Amino acid sequence: PAVFLTAYYVLAHVARVSAGERVLVHAGTGGVGMAAVQLAKHWGLDVCATASPGKWEVLRSMGLDDEHIANSRTLEFEQKFLTATAGAGMDVVVDCLKEEFVDASLRLLPRGGRFIELGKADIRDPGEVALQHSDVEYHAFDLLADVTLDSLSEMLRELVKLFETGELRPLPWRSWDIRQASDAYRFLS
């Protein structure tokens with residue numbers, strides 16, 4: 001539930017997305033990333049995502065084509081998505097990267113937009129971001145610090161409905177016998 005709650009809150013309440021907007025989800029094959037991709041597609045957003053190339057098949061299985069997928073390990077995603085959008089870039093970036101990857105992601109909002117920082121490693125000052133990137137709303141986000149219990153309850157009810165109707169699917173999971181812990185860690189890496 002935590003990954004879907006985070007994705008729901010970030011997209012619906014912090015970014016205030018609308019159908020037809022273009023969103024970039026970094027780490028689209030992580031828990032929050034996969035939940036965000038599902039919700040964004042459900043709400044009619046044009047979804048782009050990054051992941052390491054070894055995980056691209058997961059993004060494809062979620063309905064993204066190669067034009068909407070880029071490598072999260074290099075800065076090439078910036079030029080790829082600017083070219084694909086004829087320079088328009090994104091309306092929303094859901095970020096968890098750091099350093100020059102954050103800078104490249106901010107440049108993907110050339111018309112302004114919302115930049116939602118989920119990571120904790122490179123939180124920027126919203127005022128500085130506004131000076132360098134006009135019309136970009138920068139939000140560093142922490143679910144437990146930012147959301148009330150009433151909001152959590154409301155979002156959980158909505159998510160349950162979406163799961164019951166089949167609009168959302170549980171994230172894939174895999175288990176190993178404890179004696180295969182090394183295999184499990186290798187898989188996660």
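In case you missed it, the structure is sitting above this.
Residues numbered from 1 in each chain as written. Predicted model: local features only at pLDDT ≥ 70, side-chain atom pairs only at ≥ 80, totals over all residues. Heavy atoms only, no water.

1. Observations concerning helix H1 (residues 2-14)
Count 3.6 residues to each turn of an α-helix, and residues three or four apart come out pointing the same way.
Okay, step 1: Among all positions of H1, only Phe4, Leu5, Thr6, Ala7, Tyr8, Tyr9, Val10, Leu11 and Val14 are buried.
Okay, step 2: Backbone geometry just after H1 places Arg16 at a positive phi near 50°. (Buried < 20%, exposed > 50% of the residue type's maximum accessible area, 1.4 Å probe, protein only. Helix = DSSP H or I, 4+ residues; strand = E, 2+ residues; numbered from the N terminus.)

2. Considerations on the pattern of salt bridges
Okay, step 1: As enumerated under the stated definition, the model contains eleven salt bridges in all.
Okay, step 2: For the salt bridge of Glu137 with Arg16, the shortest nitrogen-to-oxygen distance reads 3.0 Å. Remark: Arg16 occurs in the loop between H1 and strand S1 (22-25) and Glu137 occurs in strand S6 (residues 136-140); sequence separation between them is 121 residues.
Okay, step 3: Close ionic contact of Arg107 with Glu78 constitutes a salt bridge, the shortest N to O distance being 2.7 Å. Linking Arg107 in helix H5 (residues 100-107) with Glu78 in helix H4 (residues 76-84), this pair joins segments that are 29 residues apart in sequence.
Okay, step 4: What makes Glu78 buried here is its relative accessible area of 14%. (Salt bridge = Lys/Arg side-chain N within 4 Å of Asp/Glu carboxyl O.)

3. Quick notes on helix H2 (residues 31-42)
Okay, step 1: Its twelve residues give H2 an end-to-end C-alpha distance of 17 Å, which sits within 8% of 16 Å, the value for a rise of 1.5 Å per residue.
Okay, step 2: Among the residues of H2, Gly33, Met34, Ala35, Ala36, Val37, Gln38, Leu39 and Ala40 are the ones counted as buried.
Okay, step 3: Buried residues along H2 sit against H1, S1, strand S2 (46-51), helix H3 (56-61) and helix H8 (149-164).
Okay, step 4: A positive backbone phi angle near 85° is found at Gly44, which sits one or two residues after H2. (Expected span 1.5 Å × (residues − 1). Contact = heavy atoms within 4.5 Å.)

4. Things to note about the environment of Arg111
Okay, step 1: Tracing the backbone shows Arg111 in the loop between H5 and strand S5 (113-117).
Okay, step 2: Assessed through its relative accessible area of 48%, Arg111 is described here as partly exposed.
Okay, step 3: Put simply, Arg111 and Asp91 are 20 residues apart on the chain and 7.8 Å apart in space, counted from C-alpha to C-alpha.
Okay, step 4: The contact partners of Arg111, leaving out residues within four places of it in the chain, are Ala88, Gly89, Met90, Asp91 and Asp135.

5. Remarks on the environment of Ala40
Okay, step 1: Structurally, the position occupied by Ala40 is in helix H2.
Okay, step 2: Spatially, the C-alpha atoms of Ala40 and Val17 are 8.4 Å apart, while their sequence positions differ by 23 residues.
Okay, step 3: Residues contacting Ala40, with those up to four places away along its chain left out, are Leu11, Val23, Leu45 and Val47.

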